[in-house]
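# Commentary on secondary and tertiary structure
One letter stands for each residue in the lines below.
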Amino acid sequence: MEWETVIGLEVHVSLSTRSKLFSGTASEFGAAANTQANIFDLALPGTLPVLNKEALRMAVRFGLAIGAEISKRSVFDRKNYFYPDLPKGYQVTQLDFPTVGKGALSITLGDGSEKVIGVTRAHIEENAGKSLHEEFHGMSGIDLNRAGEPLLEIVSEPEIRSAEEAVAYLKKLHSIVRYLDISDAIMAQGSMRCDVNVSIRPKGETELGTRTEIKNINSFRFVEKAIHSEVLRQQEVIEDGGKITQETRRYDANKDITTAMRSKEVENDYRYFPEPDLLPVEIDDSFIEAIRAELPELPDQKQARFIAEYGLSSYDAGVLTSSREMADFFETVARVGNDAKLAANWVTGDLQALLNKNNWEITQSPIQAERLGTLVARIVDKTVSGKIAKSLFETMLDDPAAVNDIIEREGLKQVTDSGAIEKLVDEVIANSPDQVQQFRDGKEQVLGYLVGQAMKLSQGKANPGQVNQLLRDKLKT
Amino acid sequence: MIEQTAAELSAALSRGEVSSVELTQAYLDRIGKYNEALNAFITVCEESALAQARQADDRRARGDASPLLGVPLAHKDIFCTEGVLTTCGSKILNNFISPYDATVVERFNGSGAVMLGKTNMDEFAMGSSNETSFFGPVRNPWDRERVPGGSSGGSAAAVAADLCAMATGTDTGGSIRQPAAFCGITGFKPSYGRVSRWGMIAFASSLDQAGPLCKSAEDAALMSNVMAGLDPKDSTSIDLPVPDYTASLGDSLEGLKIGLPRQHFAEGLSAGVEQGIRDALAEFEKLGATIKEIDLPNNHLSVSAYYVVAPAEASANLSRFDGVRYGYRCEDPVDLEDMYKRTRSEGFGEEVKRRILVGTYALSAGYYDAYYRKAQKIRRLIKQDFVEAFSEVDVVIGPTSPHTAFTLGAKSDPVTMYLEDIYTIAVNLAGLPGISIPAGLVGGLPIGMHIVGSDFAEAKVLNVAHQFQQQTDWHRRKPALNGEEA
Amino acid sequence: MALDKSEVEKIAQLARLHISAEEAEEVAGRITDILALIDQMQAVDTSQVEALAHPLDVVQRLRADEVTEQDRRDALQELAPASEDGLYLVPRVIE
């Protein structure tokens, strides 16, 4: 049977506010255990929440970026459950009236086509702390630094049809929140987390199958693998005549399988009710419009501009706008180098290959954008040949000197002095009588060999166009 | 001198007739003498009280004339006090030394008032008799076989027995006003949002409100001047200007329109209390007020709605008591579940557990609409009743409680106990200001008159109460404590 | 609405309270009485009434995103029943 996969994602991103969602405690990654846990965060009796305005602004910023409905009135609710990393015994979240309503974002599929994925809602909520499972005389240690950190939970429609689409959607979300500067969205640090709802159904069927939820996957690659593995599992279960149980599962990356989480603790009666320590949040048009006015250029807009302004291909423009840092890097190279297409070739070509090889982000590039721009500029003004530029690039990796100084010092300048080139040409003609004869007999291809000899003699520095021209002139006479 | 009102003590202090240290010592002595019998205090802070008193005397010597400077008070043990045991009347907080001050405490400290200690209360403020306290019941100074009312029973008894000049309390369904009535003192619940709830251990967040228990409406005004006002730390604290509540105490009641709710003078009200209140009302007529009967048609539903809303909110508010970060933890838990369950079952008393269960049930899947949402709708109807009433009258007056203080153990059935607050609960559901003032004695026991104002009409309520106290001396009556010295 | 023992056990589990089998009967009875009191409100038609979550008709104030709290870990952990290396200790958490 042919199966169709149906996926919905719930993505949590931690908002990069300075302080927590409801308290004035610092909210930074990596602090010593419980040094960012004060009286409210520890749920001491008598403490009360006050909403962080920046968290609300960030949620609205996200909503506007995905063209979502922004709620003028949102309400916080208590979600009740006991867990040692949840100090109050309830999580404050938004159940019925989230700040961000329906929106959408588009992803690019492998064949280059676009697909729009609906976003059901995005709501603001508190993060929980962390349970550490290493040995403390048979006990667990609780670190509440993360407790009360602001999160935005972004819920997609079940419109994702494959693991690849899921990853494309996640990468797009990642890119948007980073463009908006509302989250670091670093999966390895937990500032972006993903729960995946997966179900399968026979192709053509419109009813949804029973879904399972895979919790807390912490890398793009694992999302992809977890979905592949879960889809296979579901197919096997159904094809063996079984039924899918609606349950929460966990992805085991070592074994590349998903396993059901202990069901004893899965009690779904969260007894939501409006948080009485907080009042309804109301925002007006001026609040929203002020945020809209400050929205940065977003990936889709930037990509369109790169195509229009720089004449780049859609693919290159997509690669170059995948992150704001990448786009900024490219634009600097293009500006300094004064040739956008050449700049794009260098950034997506040699530079990207280097980054990939070392598993570096663009922000870790050993060659700064200005230096790469200068390299491009020297190609454009014919100071160096394209071929020499490649070795110049290699030199620049270890040599922090100014690009122009390296060219000067290493004698990499292209030779354009016609007297010097004439000498080279004469020498080649003198040393290659057979080839000269062949050319004169009408075998035009031999010219390439002769040009190559001349270039070799010049150690690559002669301007190949000039060499070509002069050889022709001399051989015709 | 210790029997005097805070206003009178303040005047004596400013005239130099007594020092705060002398006054503080006098109250501490009296606490030493009577607290064992009354059980009004859980914690007495002798050393820090005397240190505060010395500071107050210094401040006064330097010309500081803050009204409550050097006046000794007691805080209900529901308010967090830095460095001082804060139990909320519960075993689960039996070892909790608060690392911070409630805003109310901070404000009184700033005013120069001297904190004598922390008063006994129903556990987590859940009770109307002060019998649910882990620290044992408080005795009514008027008759030690009787309850002082609750949940601020310790504060009410302490004020009535002159163990302090004034005290703080909290009122979720009548917890300031009913004990004030039973103990023959003045107890005032301001409008919801008037006084910060920061540092006040939550029972039911949308109902809880702090207020004074004291010896006169004037004292209530002085204390409200300290307590009221916006607190950025409490989202539900309201950003409204706070008038000087003493400024309007002397306003004439000529032309005042008083509403008597028919529903508060109906079946269930004891004859003695009814007569006492009707007699007291005659005083208002002498002052030029007019009285008319009004209807609060949904009042009878207030107890029902309250016993959904309050337990529901409480069930979540009390989830934080889990034995992880502070407070009691059971011995040798075998696993996490065992730790949660035994900690909470051993740490909470019967009534608290009962209300947690009721609240959990009311919020649980399938019942939310029938209980919680329904109760919130009833709450709207009750609020509307008052809005309509206040379109016709300036204040609503009736009895605070259907009867005088009952004997310990008389109301062992929860439902009977819940109905104790039949006249006060609607005021919390609607968020209004209400005061109980002494209005007579029946069988040697005080009765309380309940005066309710519209939203944020604290000044009016205090004015009406004060004018009554200018004409009567019920608030000056004292229980006889002699002969039962500890 | 009457509550039976099994429902009491269910809500006790949600609330993390231990109710022994002997207690459950009495607790169920008490709560049933309370529910009878509560159920008086069911007689009123509220289909046209809007719920009132809060007595105040005002909206949430917003706090500037500033760090106002200092680290007080050591003092605060003195309140804890069990802590070590800056962590709160609880019986092992099994996911």
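Residues numbered from 1 in each chain as written. Chains lettered and ligands numbered in written order. Predicted model: local features only at pLDDT ≥ 70, side-chain atom pairs only at ≥ 80, totals over all residues. Heavy atoms only, no water.

A word on the overall build of chain A. The helix and strand inventory of chain A stands at 15 helices and 16 strands. Against the globule reference of 23 Å for 477 residues, chain A gives a C-alpha radius of gyration of 30 Å, more extended than a compact globule. With respect to the three principal axes, the spread of C-alpha positions in chain A is 95 × 55 × 55 Å. Of all 477 residues assigned to chain A, the portion counted as buried reaches 55%. Here the contacts in chain A between residues at least 6 apart in sequence split such that 69% fall between residues at least 24 apart. Of the roughly 21000 Å² of accessible surface on chain A, 48% is carried by carbon and sulfur atoms. Each charge class in chain A can be summarised by its mean position, and for the 56 positive and 73 negative side chains these summaries are 2 Å apart. (Helix = DSSP H or I, 4+ residues; strand = E, 2+ residues; numbered from the N terminus. Rg over C-alpha atoms; globule rule 2.2 N^0.38 Å. Buried < 20%, exposed > 50% of the residue type's maximum accessible area, 1.4 Å probe, protein only. Contact = heavy atoms within 4.5 Å. Areas by Shrake-Rupley, 256 points an atom, 1.4 Å probe, with all protein chains shown as cover. Lys, Arg positive; Asp, Glu negative; His and termini not counted. Charge placed at Lys NZ, Arg CZ, Asp CG, Glu CD.)

Contacts between the two partners involve 32 residues from chain A and, on the opposite side, 39 residues from chain B. Across the chain A to chain B interface the summed buried area is about 2900 Å²; carbon plus sulfur atoms make up 61%. Taken together, the links from chain A to chain B amount to one salt bridge. For the side of chain A that touches chain B, the secondary structure elements donating two or more residues are β4 (77–80) and β15 (273–274) of chain A. Classifying every residue of the side of chain A that touches chain B gives 21 nonpolar, four polar and seven charged. (Buried area = accessible area lost by both parts, 1.4 Å probe. Salt bridge = Lys/Arg side-chain N within 4 Å of Asp/Glu carboxyl O. Nonpolar A, V, L, I, M, F, W, Y, C, P; charged D, E, K, R; others polar.)

We now examine the pattern of salt bridges. Scanning all chains against the criterion turns up 64 salt bridges over all chains. Between Glu 213 of chain A and Lys 215 of chain A there is a salt bridge; the shortest N-O distance is 3.7 Å. Relative accessible area serves as the criterion here: at 13%, Glu 213 of chain A is assigned to the buried category. On the accessibility criterion, Lys 215 of chain A (30% relative accessible area) is partly exposed. Arg 197 of chain B is the salt-bridge partner of Asp 234 of chain B, the closest N and O atoms lying 3.9 Å from each other. Here Arg 197 of chain B lies in the loop between β5 (186–189) and β6 (209–214) and Asp 234 of chain B lies in the loop between α7 (217–227) and β7 (257–261), a separation of 37 residues in the sequence.

With that out of the way, let us pick up the environment of Ala 53 of chain C. Its place among the elements puts Ala 53 of chain C in the loop between α2 (21–38) and β1 (62–63). Judged by its relative accessible area of 31%, Ala 53 of chain C is partly exposed. Here Ala 53 of chain C is in contact with Ser 206, Gln 376 and Arg 379 of chain B, once residues within four sequence places are set aside.

Contacts between the two partners involve 50 residues from chain C, matched on the other side by 68 residues from chain B. Both faces considered, chain C and chain B share a buried interface measuring about 5200 Å² in area, 67% of it formed by carbon and sulfur atoms. Counting every contact that joins chain C to chain B gives three salt bridges. Across the contact surface, chain C and chain B share 22 residue pairs in polar contact (both at pLDDT 80 or more). Where the side of chain C that touches chain B is concerned, the elements lending two or more residues are α1 (5–14), α2 and β3 (87–91) of chain C. In terms of residue count, the dominant contributor to the side of chain C that touches chain B is α2 of chain C (eight residues). (Polar contact = N/O pair within 3.5 Å; in protein donor to acceptor, adjacent residues only side chain to side chain.)

Moving on to the sheet that holds β5 of chain B. Residue and element names in this part refer to chain B. Taking strand neighbours across the sheet as the criterion, the 11 strands line up as β1-β3-β2-β4-β6-β5-β10-β11-β9-β7-β8 in an open arrangement whose pairing is mixed. Only two strands of the sheet have a single neighbouring strand rather than two, namely β1 (41–44) and β8 (290–294). In this sheet, neighbouring strand axes are inclined to one another by 30° on average, regardless of whether the strands run parallel or antiparallel. Note: β7 against β8, five bridges, orientation parallel. What sits directly across from Lys 257, in β8, is Thr 290. Packed on one face of the sheet, helix α4 (residues 103–111) meets β2 (72–76), β4 (166–171) and β6 and runs near 175° to β2. (Pairing = 2+ DSSP bridges. Axes fitted to C-alpha atoms, helices over the stretch in contact; angles between N-to-C directions.)

Here we come to the sheet that holds β15 of chain A. Reading across the sheet, the three strands line up as β5-β4-β15 (chain A) and stay open at both edges, with antiparallel pairing between neighbours. The sheet is open, and its two borders are formed by β5 (90–93) and β15 of chain A, each paired with just one other strand. Helix α9 (residues 302–317) of chain B rests against β4, β5 and β15 of chain A of the sheet, and its axis sits at about 60° to β4 of chain A.

What follows is about the packing of α1 of chain C against α2 of chain C. Residue and element names in this part refer to chain C. Orientation of α1 relative to α2, taken along the N-to-C sense of each, is 105°, at an axis distance of 9 Å. As the angle between them shows, α1 and α2 are arranged roughly perpendicular. Between α1 and α2, the contacting residues are Lys 5, Val 8 and Glu 9 on the first element and Ala 21, Ala 24, Glu 25, Val 27 and Ala 28 on the second. (Parallel < 35°, antiparallel > 145°, perpendicular 65-115°, else oblique.)

Next up on the list: helix α15 (residues 458–471) of chain B. With 14 residues, α15 of chain B extends 20 Å from end C-alpha to end C-alpha; this agrees with the ideal 20 Å at 1.5 Å per step. Residues of α15 of chain B that are buried in the fold lie against β5, α7, α8 (271–286), β9 (395–399), β10 (434–442) and β11 (445–452) of chain B. (Expected span 1.5 Å × (residues − 1).)

Let us look at helix α12 (residues 418–431) of chain A. Residue and element names in this part refer to chain A. With 14 residues, α12 should reach 20 Å at 1.5 Å per residue; the first-to-last C-alpha distance of 20 Å fits that figure. Looking at α12, one finds that the buried residues are Ile 421, Leu 424, Val 425, Val 428 and Ile 429. Projection of α12 onto a plane perpendicular to its axis shows the buried side chains occupying an angular sector of 135°, all on one side. Counted as exposed and oriented over 90 degrees from the buried face of α12: Lys 423, Ala 430 and Asn 431. (Arc of directions from axis to C-beta.)

What follows deals with the confidence of the model for chain C. Here chain C shows a mean pLDDT of 92. Residues at 70 or above account for 98%. For this predicted complex, the interface confidence comes out at an ipTM of 0.96, alongside a pTM of 0.92. (pLDDT = per-residue confidence, 0-100.)

Attention now goes to the nonpolar core. Counting 303 residues, the largest nonpolar core has Phe 62 and Tyr 169 of chain A together with Phe 124, Phe 284 and Ile 451 of chain B as the members making the most contacts within it. The residues that make up this core include at least three from each of domain 1 (3–289) and domain 2 (297–409) of chain A. Contacts of Ile 451 of chain B, omitting those with residues within four sequence positions, involve Phe 284, Val 395, Val 396, Ile 397, Pro 433, Gly 434, Ile 435, Ile 437, Val 461, Val 464 and Ala 465 of chain B. (Core = buried A, V, L, I, M, F, W, Y, C linked by side-chain atoms within 4.5 Å. Domains from an automatic or database assignment.)

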